[in-house]
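What follows is the residue order along each chain.
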Amino acid sequence: MHGFGRYLAAAVSARFASEGMGMAVVLLALERTGSAAYGAYVLTAWLAPHVLAAPLAGAAAARARRPRLFHVAALGGFTAAVAALAVLLGRAPAVVVLAVAVLGGCCGPMVTGGLSSLVAGLVPAGARRDRAYGWDASTYNAASVTAPAVVGLVAALASAAPAMAVLAASGVLAAALAASLPYGAPGPASAPGGPRAGLGAGLAALWRVRELRAITSATTLAFVGIGSLTTTSVLLAGGLGSPGAGGVLMTAFALGALGGSLTLGRMTAVEPGRLAQWALAGTGVALAAAALSPWLAVTAALFAVAGVCDGPLLTATLRIRSECAPEAVRTQVFTLGAGLKLTAASAGAALVGLTADAPARVLLGGIAALQLAAALLHGALAARGPVPAAPGPAAGAATAPSAGSAGSATAPAGRRSPGAP
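These lines cover the structure that appears in this document, whether it is placed above or below. Every chain is numbered independently, its residues counted from 1 as its sequence is written. Given that the model is predicted, a residue must reach a pLDDT of at least 70 before its local features are reported, and side-chain atom pairs must reach 80 or more before they are shown or counted; all residues, however, enter totals for whole chains, interfaces and linings. Hydrogens and waters are ignored; side-chain quantities use all the structure's heavy atoms.

Looking now at the overall build of the chain. Only DSSP runs of H or I reaching four residues or more are called helices, and only runs of E reaching two or more are called strands; each is numbered from the N terminus. Each helix and strand in the chain was counted, giving 18 helices and zero strands. Here, residues are in contact when the closest pair of their heavy atoms is within 4.5 Å. Taking the contacts inside the chain whose residues are at least 6 apart along the sequence as the reference set, 85% of them involve residues at least 24 apart. With the model as given, the accessible surface of the chain reaches about 15,700 Å², and the carbon-plus-sulfur share is 72%. In these tables, accessible area is a Shrake-Rupley quantity obtained with a 1.4 Å probe, and a residue counts as shielded only by the protein chains included in the view.

See below:
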C-alpha cells in the first residue's frame, strides 16, 4: 500500500475543492453582481463539460508517457480555474468567466474518476484493495460534509472570495501530493508499437461487460434523483414549517453517507453487485419513509438512514470498475462513469426546477422511486449474459499484459470479470 496514505490526502484535498465550488460560485456571484442566477450559469458551465471531457481525459491518462506530469497538470488546471474564477467572476465579461469555467470543468473528471483509477496501482488486489476503495469513497463523503460548511463559514466571516481562495489552496495541496505518488511506466494502451484503445473503447467496455453495464446504468438512473435531493430537501423543510432546515436534512444525509462508507462500505465479504443493490434499495426505502414523515426530527433521522444506505454504493461501484474494467481502458471507465453520474445529477436538478410547484413529499417520493427502480435495473442487467465482445485492436489492447507495472499507479487491476472483453 505504498503511497496510499498520500493518495487519500490528495483525494480529500481535490474533492474538497470540487465539492465547495457549488456554494462558493453562487455566493461570489451574489456578492459581486447581486444575481444568484449568474452564479448558477457559471456553475452549469463548470459542470457541463464533465461527461464530454471524461473519455478524452481517460484516454489521455492511459496514453500519457509521463502519468505523474499528466495527473499533476490536470489538478493544476482545475486549481488554476478555481483561482481565476475567484478573481474574474463579477469583474470580467461573462463570456470570459464562462470560458474559464468550461476549461476548469474539463479537468473535473480527473478529480473524480481519474484519481480513483490510481487506487488499483497503489494497493494489491484482494480484500485490501476492496477496503481501499471504501476509504476512497469516504473521501467524497467527507468532502461533501466539510466543504460547504467551510465555504459558508469563511464567507460569513469574511467574504466569498476568500472562500474561493481556500478551495484553490486545497487544489494546490492536492496537486503537490499527487506529484509525490508512485507512478509506473505507461500501460499497454500506450506501449510503443502496441495496440491503442480509442476514445470509444471505454464506452464500449461499459456496454460489453455485464457488470459495468449494470452498475453504470443503475447509478446513472439513481443520480437523476440524487441530483434533485438538495432542492427537494429545502422545499420539504419549508413544508414542515422550517424553511431554513434544508441544509440540516442534507447534512444528515451526508454524515450518514460518510458513516455508511466507513462501515458498511468495508464489507469486503459481500459481492459488490449485491452490495450496490442493497444500497440502492435501502436508500429508496428510507427516502420513501421520509416523504411520509410529518416531523422534521424524524425526517432528518430518515435522511441520515438513507445516507448510511447510500454510503456503500460508491465503494461497490469503484470495486466493480476496478475488477471488471479492461486494463487498457480502466481510466476511461472511471472517468466516464463519474461523468455520466454527474451529468445525470445535473439533469435531476434541472427537472426538479421544472416541477418545483409540486408538493415536496411527491418530489421526494419520486426520488425514492428512482432509487428503487435503479436497484431493480441493476438486478435485471446483472442477471443477463454479457454482450460478446467484437474482436479487434481495442479488445487486444484491453487484454494485453502489462510488464513491470506492479505497485505503481498504473498497475493492472486484480481479478477480471468472466464477461470482460
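Next, the rest of the story.
Note that Val333 resides in helix H16 (residues 330–354). Since its relative accessible area comes to 0%, Val333 is described here as buried. With 128 residues separating them in the primary sequence, Val333 and Ala205 have C-alpha atoms 7.4 Å apart. Excluding residues within four positions of it along the chain, Val333 makes contact with Gly202, Ala205, Leu206, Leu212, Arg321 and Ala325. Three labels apply to residues, based on accessible area from a 1.4 Å probe with only protein chains included: buried if under 20% of the type maximum, exposed if over 50%, partly exposed otherwise in between.

Attention now goes to the environment of Leu75. Assignment of secondary structure puts Leu75 in helix H4 (residues 67–88). Among the residues examined, Leu75 registers a relative accessible area of 3% and is labelled buried. Here the alpha-carbon distance between Leu75 and Ala175, two residues 100 residues apart in the chain, equals 5.4 Å. When sequence neighbours within four positions are dropped, the list of residues in contact with Leu75 reads Ala14, Val111, Ala174, Ala175 and Ala178.

This next bit is on the pattern of salt bridges. Here the idea is simple: oppositely charged side chains can pair when their charged atoms come close. Take a side-chain nitrogen of Lys or Arg and a carboxyl oxygen of Asp or Glu: if they are within 4 Å of each other, that pair is a salt bridge. For the structure shown, the criterion picks out three salt bridges. The residue Arg319 makes a salt bridge to Asp130 at a minimum N-O spacing of 3.4 Å. Of this pair, Arg319 sits in helix H15 (residues 296–324) while Asp130 sits in helix H8 (residues 127–157), and the two are 189 residues apart along the sequence. Its relative accessible area of 6% is what places Asp130 among the buried residues.

Working rule for helices: expected span equals 1.5 Å times residues minus one. Compared with the 21 Å implied by 1.5 Å per residue over 15 residues, the 21 Å span of helix H3 (residues 49–63) between its first and last C-alpha is a close match. By definition, a residue's bend is the angle between the axes fitted to the seven residues ending there and the seven starting there. The sharpest bend along H3 comes to roughly 30 degrees, located at Pro55. Among all positions in H3, only Pro49, His50, Ala53, Ala54, Pro55, Ala57, Gly58, Ala59, Ala61 and Ala62 are buried. Looking at the packing, one finds that the buried side of H3 touches helix H2 (36–47), H4, helix H5 (94–106), helix H6 (108–116) and H16.

To continue, consider the nonpolar core. Residues grouped as a nonpolar core are buried Ala, Val, Leu, Ile, Met, Phe, Trp, Tyr and Cys residues, joined through side-chain atoms within 4.5 Å. Core analysis: the largest hydrophobic core is formed by 55 residues, its most contacted members being Tyr7 and Leu85. Here this core takes twelve residues from helix H1 (residues 4–33), the largest share from any one element. Each residue touching Tyr7, except ones within four places of it in the same chain, is listed here: Arg15, Leu115, Ser116, Leu118, Val119, Leu122, Asp136 and Leu181.

With respect to the helices, strands and loops of the structure, Thr317 is situated in helix H15. Assessed through its relative accessible area of 1%, Thr317 is described here as buried. Ignoring sequence-local partners within four residues, the contact set of Thr317 consists of Ile215 and Thr219.

A word on the packing of aromatic side chains. Each aromatic pair joins two rings of Phe, Tyr and Trp (for Trp, the six-membered one) with centres within 6.5 Å, and gets the label stacked for planes under 30 degrees apart, edge-to-face for over 60, and tilted for any other angle. Following the criterion strictly, the structure yields three aromatic pairs and no others. The interplanar angle of 20 degrees and the centroid separation of 6.4 Å between the aromatic rings of Tyr133 and Phe334 together place this pair among those described as stacked. Linking Tyr133 in helix H8 with Phe334 in helix H16, this pair joins segments that are 201 residues apart in sequence. Judged by its relative accessible area of 0%, Tyr133 falls in the buried class. Here, over-ring charges are defined by two tests on the NZ atom of lysine or the CZ atom of arginine: distance to the ring centre within 6 Å, and angle to the ring normal within 35 degrees. Just above the ring of Trp207 sits the side chain of Arg213; from NZ or CZ to the centre is 5.0 Å.

Here the focus is the packing of H8 against helix H13 (residues 246–262). Closest axis-to-axis distance for the H8/H13 pair is 8 Å, and the angle between their directions is 165 degrees. By the angle between their directions, the pair H8 and H13 is classed as roughly antiparallel. In terms of crossing hand, the pair formed by H8 and H13 is left-handed. Together, Gly134, Trp135, Ala137, Ser138, Asn141, Ala142, Ser144 and Val145 of H8 and Ala254, Leu255, Ala257, Leu258, Ser261 and Leu262 of H13 make up the contact between the two elements. Axis geometry follows a simple rule: fit a line to the C-alpha atoms, using only the stretch in contact for helices, then measure angles between N-to-C directions, giving values from 0 to 180 degrees. The labels follow the angle: roughly parallel below 35 degrees, roughly antiparallel above 145, roughly perpendicular from 65 to 115, and oblique for the rest. Definitions for this section: a left-handed crossing has its near helix turned counterclockwise from the far helix by less than a right angle. A right-handed crossing has that turn clockwise.

Closest axis-to-axis distance for the H8/helix H9 (residues 160–179) pair is 7 Å, and the angle between their directions is 140 degrees. Overall, the two elements H8 and H9 adopt an arrangement that is oblique. As H8 packs across H9, the resulting crossing turns out to be right-handed. The segment H8 lies against H9, with Val150, Val151, Val154 and Ala155 engaging Ala160, Pro162, Ala163, Val166 and Leu167. The classification used treats Ala, Val, Leu, Ile, Met, Phe, Trp, Tyr, Cys and Pro as nonpolar, Asp, Glu, Lys and Arg as charged, and all other residues, Gly among them, as polar. Grouping the amino acids of the contact of H8 with H9 by side-chain chemistry returns nine nonpolar, no polar and no charged.

Let us now look at the side chain of Ser322. Position of Ser322 among the secondary structure elements: in helix H15. Definition of a polar contact: a pair of N or O atoms within 3.5 Å, with one able to donate and the other able to accept a hydrogen when the atoms are protein atoms, and with sequence-neighbouring residues admitted only if both atoms are side-chain atoms. At 3.1 Å, the side chain of Ser322 forms a polar contact with the side chain of Tyr133.

When we look at burial in helix H10 (residues 201–208), the residues that qualify are Ala201, Gly202, Ala205 and Leu206. Seen end-on, H10 carries its buried residues on one side only, within an arc spanning 145 degrees. Among the exposed residues of H10, those oriented more than 90 degrees off its buried face are Leu203 and Trp207. Working definition: the arc comes from the directions between the helix axis and the C-beta atoms, pointing outward to the latter.

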